[in-house]
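Inside the fold
Now for the letters of each chain:
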Amino acid sequence: MDRRSFLTAAIAAASGDGFGPLPSAASRDVLRFRAKLRRLNLPQGRIAYADRGVGPVALFIHGFPLNGYQWRGALDRLSDQRRCLAPDLMGLGYTEVSNTQDLSPQAQSDMLVALLDGLSVGAVDLIANDSGGTIAQLFATQHPARVRTLLLTNCDVHENSPPPQMAGSIAKARAGVYDQKIALHLDDRVYARSANGIGGGAYVDPASFSDDALEYYFRPLVASPERRSQLNRYLAAFEPNPLLAIEPALRRSAIPARMVWGTADPLFPVQWAEWLDRTLPKSRGIRLVEGGKLFWPEERPDILASEAKTLWAGQLG
């Protein structure tokens, strides 16, 4: 079977999964990931999630405006040691929720609790990036018995939530027009990989933000007026900052934690990894990823997997 025939057959096979059509140029990697995507009906909505491997559970929380596909490389490298769950957060990816569903970080954390309960999962090793770090910190402080370890990559921390550079985007989200920026990424791939786009701003190598990934991440976000509205509401809900109130709980945390931090991320500079290292009593230190930008975990899954395995094994000082 040639490539065109394969893609046509694979898209036809995937079209019955309830998530709508895939782009005709989708790669085998995208098709394979989506074909294995699962769904669970919860009070919050129909939650889409990747479920890979066996054993103790690791829960991956993606960044904005991505989805669980962000973790594909890590899942490939860690599913021999963990059952890896990578859900799409509400308002993003292929999760389906109502137009009245709360999309705030607290509601996202509550959804993750419901997801784990629905899958009969107790404690998890928690890994997060970007705005997913806000949700992870809420989850870890409110449900400490359900978190064995915490691995945070570049993400919101304390006063830097959301970072000041996001003020313009949040204003657009409140005005109901941030979705136009996402649509522009789909219409103009040069812009998408420029310094003004997510490809150039959040990836070391803009080519890492491939057409396949761009389509898989962004196409569902603008698929309907309802999804556009949810995208805007998701972003707007990160104000007011929910992290200031949990500082005392972070200072009491008994969860072994590790920060793995890209050094070239203007949104979340290294000083915030250092704040976490000082604040978390069971911190296992910081690993710097030289030159790494916001979404380095997608580009460098070997580093993420290595750090996770070491943390899980309790080999850090």
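The structure we're discussing is the one just above.
A brief look at the structure comes next.

Conventions used here
- Residues numbered from 1 in each chain as written.
- Predicted model: local features only at pLDDT ≥ 70, side-chain atom pairs only at ≥ 80, totals over all residues.
- Heavy atoms only, no water.
- Helix = DSSP H or I, 4+ residues; strand = E, 2+ residues; numbered from the N terminus.
- Buried < 20%, exposed > 50% of the residue type's maximum accessible area, 1.4 Å probe, protein only.
- Polar contact = N/O pair within 3.5 Å; in protein donor to acceptor, adjacent residues only side chain to side chain.
- Contact = heavy atoms within 4.5 Å.
- Pairing = 2+ DSSP bridges.
- Axes fitted to C-alpha atoms, helices over the stretch in contact; angles between N-to-C directions.

1. A closer look at the side chain of Asn-160
As for its placement among the helices and strands, Asn-160 is situated in the loop between strand S6 (147-155) and helix H6 (167-174). Using a relative accessible area of 6% as the deciding quantity, one classes Asn-160 as buried. Polar contacts involving the side chain of Asn-160 include one to the main-chain carbonyl oxygen of Leu-267, which spans 2.9 Å. Apart from the residues within four sequence positions on either side, Asn-160 is in contact with Leu-267, Phe-268, Pro-269 and Trp-272.

2. A look at the sheet that holds strand S8 (residues 283-289)
Spatial strand order, S1-S2-S4-S3-S5-S6-S7-S8: 8 strands in an open sheet with mixed pairing. Each edge of the open sheet is held by one strand with a lone partner, namely strand S1 (38-42) and S8. Sheet twist, expressed as the average angle between the axes of neighbouring strands with direction ignored, equals 20 degrees. Bridging between strand S3 (residues 57-61) and strand S4 (residues 83-87) involves 3 bridges; their strand directions are parallel. Bridge pairing links Val-57 to Arg-83 in S4. Those strands touched by helix H4 (residues 105-118) are S1, strand S2 (45-52), S3, S4 and strand S5 (124-130), and its axis lies near 105 degrees from that of S1. Each of S6, strand S7 (257-262) and S8 is contacted by helix H13 (residues 270-279), which is oriented at about 170 degrees to S7, the strand it contacts most.

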